[in-house]
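Architecture at a glance
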2 protein chains.
Amino acid sequence: LANTIRIALDAMGGDHGPEVVVPAAALALKSHPHLRFRFFGDSARIAPLLTPALSAVSDIIHTDIAIASDEKPSQAVRKGKNSSMRLAIDDVDQGKADCVISAGNTGALMATAKLVLRMLPGIDRPAIATMLPSITGRTVTLDLGANLEVDANNLVEFAVLGVCFAQTALGIQKPTVGILNIGSEDTKGHEYLQDAAAQLEASTTFAGDFVGFVEGNDITGGGVDVVVTDGFTGNVALKTAEGVGKFIAKVLKEEFSRNIFSKLTYLVASGAMGRAKKRMDPRTYNGAMFLGLSKICIKSHGSADAFSFSRAIIVGANMVENKFNTLVGEQIEKMHAQQQAAAAARPEAVAG
Amino acid sequence: LANTIRIALDAMGGDHGPEVVVPAAALALKSHPHLRFRFFGDSARIAPLLTPALSAVSDIIHTDIAIASDEKPSQAVRKGKNSSMRLAIDDVDQGKADCVISAGNTGALMATAKLVLRMLPGIDRPAIATMLPSITGRTVTLDLGANLEVDANNLVEFAVLGVCFAQTALGIQKPTVGILNIGSEDTKGHEYLQDAAAQLEASTTFAGDFVGFVEGNDITGGGVDVVVTDGFTGNVALKTAEGVGKFIAKVLKEEFSRNIFSKLTYLVASGAMGRAKKRMDPRTYNGAMFLGLSKICIKSHGSADAFSFSRAIIVGANMVENKFNTLVGEQIEKMHAQQQAAAAARPEAVAG
């Protein structure tokens, strides 16, 4: 089939390995029958888990080696040449698959993917993006830890990456984009934030709708589709959000299990509580996307279950199908061309 | 009485002015009869709100001028000399009150307080601190926006400020302290974070229990009493946390009001839900403390109600009663003495 999408899966990554990765592929296949799978890992564990339908569209590439969750990224890169993670990444690099997904060691995956796949032309630094539930749907936030420090150009490129992700994975035609800051006024925050905002405002080729500065509460506020920040701030914001979610869930649970009466009331309330829980279910939003590399690479949560891992597969499939990287290349090229034209038109540039 | 505590109140600040500030003082007085109040603002609005008990322990210092919530800090400092906010700050500076509280314009309050009260000796930069509910109680986080950028020494001083606040306002004898980072490993994050951690680890005089690096989820996780960070990251984390709280409350509300049945179940569940809500009530944790100034200055939320504002008054009273600034001075002095001794003992220092 012309439109099949080939997913390379590190079957040994995450807390559960093939026991989650294989059923996740089966689940994704049900709604997306044009997927094809290439499983990397222990064939003795993978093969018995394949359903007949899945088996018909899958290859197993056997290896005994797996990267441990606590292995140092530098060590994983040096010594992990025949690991399931590395072979899956190599597979995408060699064009045998369109997208690689792993629930393994984040640092090792990022380091290996950067080394093997390299940057997309025109992109200076990669960014880690994820989706968080918001009042109106979901918000894409990036970077979440690939870059401790960034400059204005990095942020502008992250904005392009975020827009293309929202377009291809979420189907939002003209995503709204904000730069995370500590106030929405134009004069607030670090200078490089001002610079990045000025660049996005001046750009006539930017495919997103730049709304200016946004604040932490806008991540879940529903007013903006893409939130752009440095990797340090983004990581803290994401973990703070996760922490508050867990905290509230814990307090509710404690109060509903305080005595027999409150336990009974929970049974009565469980319909509404269940719907609320489902809307906020982090499993639906699984997947940290490594954006800006020459191929598509997604990190699933290590603790993901099959449903959750299948969501990461579908995100990857959507990005491939809607040509994420082609779109990024086009938008970056247009933006750089406009910036160069603007620079050339400036008197200093002419004088120089 | 020897132990009366005098609170200077900017009665005109916040969304509601005297209508919240005066009842808040009455409420605080009930549990803390040794408080005395000095109200700054429109006496025609303040006087009628005083209860007889409150009237007996209060002074009104009349002024017609109030700082608008959208006034620029620089303008407020220049033109606001006779404003209720400025007069209340001057009052503390002149020793007529022990602590100043305002629900007015944050930027104006910070700028005016810095100008009038100046820094506490030994402290380089002020920090804004607040309390957030956590699984085990509450966590003090600072800085929340006074400093966009910090160095290692600033963070160490913030740690001391946070410890003294937890000791005097929360009654925690040896508070645990963490530096916010994007991983708990020693090698992660900005270099100045490493430096600050090394200083706190090496200190034998630090009154807190330094636990190393913590992550965003630790703010509500209950494992640490004080979280130290720069003002940019802290502000984003705080607003992200507030945003997630609002988001979850909104989703729960929507699901419980979806139909007649779910509305009825809410009535049944309201006991447990109400207790959970109360435990997480942001009103209980009202108050952004400006720490590091020569006098105690607290910013209440602009939208605070009387209960919420009264909590900020009680925090201020506790800080005064337990001698927050004296404690900070002593701890900073000890720490600097130890650092100087350590520097003098180093071979290079001897050679120099």
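Structure first, text after, so check above.
Residues numbered from 1 in each chain as written. Chains lettered and ligands numbered in written order. Predicted model: local features only at pLDDT ≥ 70, side-chain atom pairs only at ≥ 80, totals over all residues. Heavy atoms only, no water.

1. Quick notes on the pattern of salt bridges
Residues and elements named next belong to chain A. In plain terms, the rule: Whenever a carboxyl oxygen of Asp or Glu lies within 4 Å of a side-chain nitrogen of Lys or Arg, that contact is scored as a salt bridge. Working definition: helices are DSSP H or I runs of at least four residues, strands are E runs of at least two. Numbering for both runs from the N terminus.
Evaluated as defined, the whole model comprises 18 salt bridges over all chains. Among the ionic pairs, Asp 91 bridges to Arg 38, the shortest N-O distance being 2.5 Å. Of the two residues, Asp 91 sits in helix α5 (residues 84–93) while Arg 38 sits in strand β2 (residues 35–41), which places them 53 residues apart along the sequence. Each member of the salt-bridge network shares a partner with another, and the members are Arg 38, Asp 59 and Asp 91.

2. Things to note about the pairing of strand β7 (residues 176–180) of chain B
All names here are of chain B. Keep this limit in mind: Type-normalised accessible area, obtained with a 1.4 Å probe on protein chains alone, sets the label of each residue: buried when under 20%, exposed when over 50%, and partly exposed for intermediate values. Note on pairing: DSSP must find at least two bridges between two strands before they are called paired.
For β7, the buried fraction is high: 5 of the 5 residues fall into the buried class. Alternating residues of β7 divide into Thr 176, Gly 178 and Leu 180 and Val 177 and Ile 179, and every residue in both groups is buried. Relative to strand β8 (residues 209–214), β7 runs parallel, the two being bridged by 5 bridges. When the bridges of β8 are listed, Val 177 appears paired with Phe 210. Where β7 and strand β9 (residues 226–228) come together, 3 bridges link them in parallel fashion. Looking across to β9, one finds that Val 177 is bridged to Val 226.

3. Some words on the interface of chain B and chain A
Quick note on the threshold: Throughout, a residue-residue contact means that at least one pair of heavy atoms, one from each residue, lies within 4.5 Å. Buried area counts how much accessible surface, traced with a 1.4 Å probe, disappears from two parts once they are put together, with both parts' losses summed.
Counting from both sides, the interface comprises 47 residues of chain B and, opposite them, 47 residues of chain A. Summed over both partners, the interface of chain B with chain A buries about 4700 Å², with 74% contributed by carbon and sulfur atoms. When the buried surface of chain B facing chain A is broken down by residue, B:Ile182, B:Phe232 and B:Phe247 rank first, second and third, together holding 15% of it. Linking chain B with chain A are 4 salt bridges, by the criterion used here. Residue B:Glu255 pairs with A:Arg275 through a salt bridge whose shortest N-O separation is 2.8 Å.

4. Focus: the packing of helix α1 (residues 18–31) of chain A against helix α12 (residues 306–321) of chain A
All names here are of chain A. Condition: Every angle, taken between N-to-C directions, lies between 0 and 180 degrees, and every axis is a line fitted to C-alpha atoms, over only the stretch in contact when it is a helix. Under this scheme an angle from 65 to 115 degrees is roughly perpendicular, one under 35 degrees roughly parallel, and one over 145 degrees roughly antiparallel; angles in between are oblique. The hand of a helix crossing depends on one turn: near helix anticlockwise from the far one by less than a right angle means left-handed, and clockwise means right-handed. Three classes are used, and their members are as follows: Ala, Val, Leu, Ile, Met, Phe, Trp, Tyr, Cys and Pro are nonpolar, Asp, Glu, Lys and Arg are charged, and the others, Gly among them, are polar.
α12 packs onto α1 with a crossing angle of 55° between their chain directions and a minimal axis gap of 8 Å. Looking at the two axes, α1 sits oblique to α12. At the point where α1 passes α12, the crossing takes the right-handed sense. Side by side, α1 and α12 meet where Val 20, Val 21, Pro 23, Ala 24, Ala 25, Leu 27, Ala 28 and Ser 31 of the first sit next to Ala 306, Phe 307, Phe 309, Ser 310, Ile 313 and Ile 314 of the second. Split into classes, the residues belonging to the contact of α1 with α12 amount to 12 nonpolar, 2 polar and no charged.

5. Some thoughts on helix α10 (residues 231–256) of chain A
All names here are of chain A. Note the following rule: An expected span of 1.5 Å times one less than the residue number is assigned to each helix. What qualifies as a polar contact is a pair of N or O atoms within 3.5 Å, subject to a donor-acceptor requirement within protein and to the restriction that residues adjacent in sequence count only when both atoms come from side chains.
In a regular helix each residue adds 1.5 Å, so 26 residues correspond to 38 Å; α10 covers 37 Å between its end C-alpha atoms and thus fits that length. Counting buried positions over the 26 residues of α10 gives 19, a clear majority of the element. The N-cap residue of α10 is Asp 230: its side-chain oxygen and the backbone nitrogen of Phe 232 are 3.0 Å apart.

6. Remarks on the state of the cysteines
Residue and element names in this part refer to chain A. Formally: Criterion for a disulfide: a pair of cysteine sulfur atoms at a distance within 2.5 Å.
Going through the model one piece at a time under the given rule, you end up with 0 disulfides over all chains. The cysteine Cys 99 is free of any disulfide, with Cys 297 supplying the nearest cysteine sulfur at 7.9 Å. By relative accessible area, Cys 99 is classed as buried at 0%.

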